[in-house]
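Chain and residue survey
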Amino acid sequence: MKGFLKFLAIALIVVFIGFCLWTWASLNYVYSSGERAGYVQKLSKKGWVCKTWEGELAMVSLPGTLPEIFYFTVPDDQIAEQINQSLGKRVKITYEQHLGIPLSCFGETGYFITAVQLVE
């Protein structure tokens, strides 16, 4: 029985360390990066325990067509404030995509905004 408990404790520690390493790697490895332009139509801080800034960017390719919606997460409060000040105006956002993030505490999407710039 003692050997089983020792094995179980070691297994739990290994799983925990693996989970921590996976989380660290997914948050620090950038799968892709780029820019999108459009109109921020929504930005809100949401979550029960972990509050994150979540937003929607409406990208219109041609006037009169339906916009494509780009969902994103803003990890920095200063960038979120810049986006809030630019609501209703055309902006260019710079993003980084992170894959495999295990918890929604870091954001609901894998697209993290790193910069915002007014286009108009």
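Refer to the structure printed above.
The present account deals with the structure reproduced in this document. (Residues numbered from 1 in each chain as written. Predicted model: local features only at pLDDT ≥ 70, side-chain atom pairs only at ≥ 80, totals over all residues. Heavy atoms only, no water.)

Moving on to the overall build of the protein. From N to C terminus, the protein includes 2 helices and 5 strands. Compactness check: the protein gives a C-alpha radius of gyration of 19 Å against a globular reference of 14 Å for 120 residues, more than 25% above the reference. Structurally, the protein occupies a C-alpha span of about 70 × 25 × 25 Å along its principal axes. Counting only residues that meet the buried cut, the protein has 27% of its 120 residues in that class. Long-range contacts, defined here as pairs at least 24 residues apart, represent 60% of the contacts in the protein between residues at least 6 apart. Accessible surface computed for the protein: about 8200 Å², of which carbon and sulfur atoms make up 63%. Each charge class in the protein was averaged separately, 10 positive and 10 negative side chains, and the resulting centres sit 9 Å apart. (Helix = DSSP H or I, 4+ residues; strand = E, 2+ residues; numbered from the N terminus. Rg over C-alpha atoms; globule rule 2.2 N^0.38 Å. Buried < 20%, exposed > 50% of the residue type's maximum accessible area, 1.4 Å probe, protein only. Contact = heavy atoms within 4.5 Å. Areas by Shrake-Rupley, 256 points an atom, 1.4 Å probe, with all protein chains shown as cover. Lys, Arg positive; Asp, Glu negative; His and termini not counted. Charge placed at Lys NZ, Arg CZ, Asp CG, Glu CD.)

By the secondary structure assignment, Gln78 is in helix α2 (residues 77-85). Residue Gln78 is classed as exposed on the basis of its relative accessible area, which comes to 61%. As a C-alpha pair, Gln78 and Ala115 span 37 residues in sequence and 9.8 Å in three-dimensional space.

The next thing to look at is the pairing of strand β4 (residues 90-97). Residues Val91, Ile93, Tyr95 and Gln97 of β4 are buried on one face, while the alternating residues Arg90, Lys92, Thr94 and Glu96, pointing to the opposite face, are not. Across 8 bridges, the pairing between strand β1 (residues 32-46) and β4 is antiparallel. By the bridge assignment, Ala37 is partnered in β4 with Lys92. Pairing analysis gives 7 bridges linking β4 to strand β5 (residues 111-118), with the strands arranged antiparallel. Bridged to Val91 within β5 is Leu118. (Pairing = 2+ DSSP bridges.)

The next subject is the environment of Ser44. Among the structural elements, Ser44 can be located in strand β1. Contacts of Ser44, omitting those with residues within four sequence positions, involve Thr52, Trp53 and Glu54.

Okay, the nonpolar core next. Counting residues in each nonpolar core, the largest one holds 16 residues, and the members touching the most others are Leu57, Phe72, Val74, Ile83, Ile93 and Ile113. Among the elements of the structure, β1, β2 (52-59), β3 (68-74), α2, β4 and β5 are those that each provide at least two residues to this core. Ignoring any residue separated from it by four or fewer positions in sequence, one finds Val74 in contact with Leu43, Trp53, Ile79, Ala80, Ile83 and Ile113. (Core = buried A, V, L, I, M, F, W, Y, C linked by side-chain atoms within 4.5 Å.)

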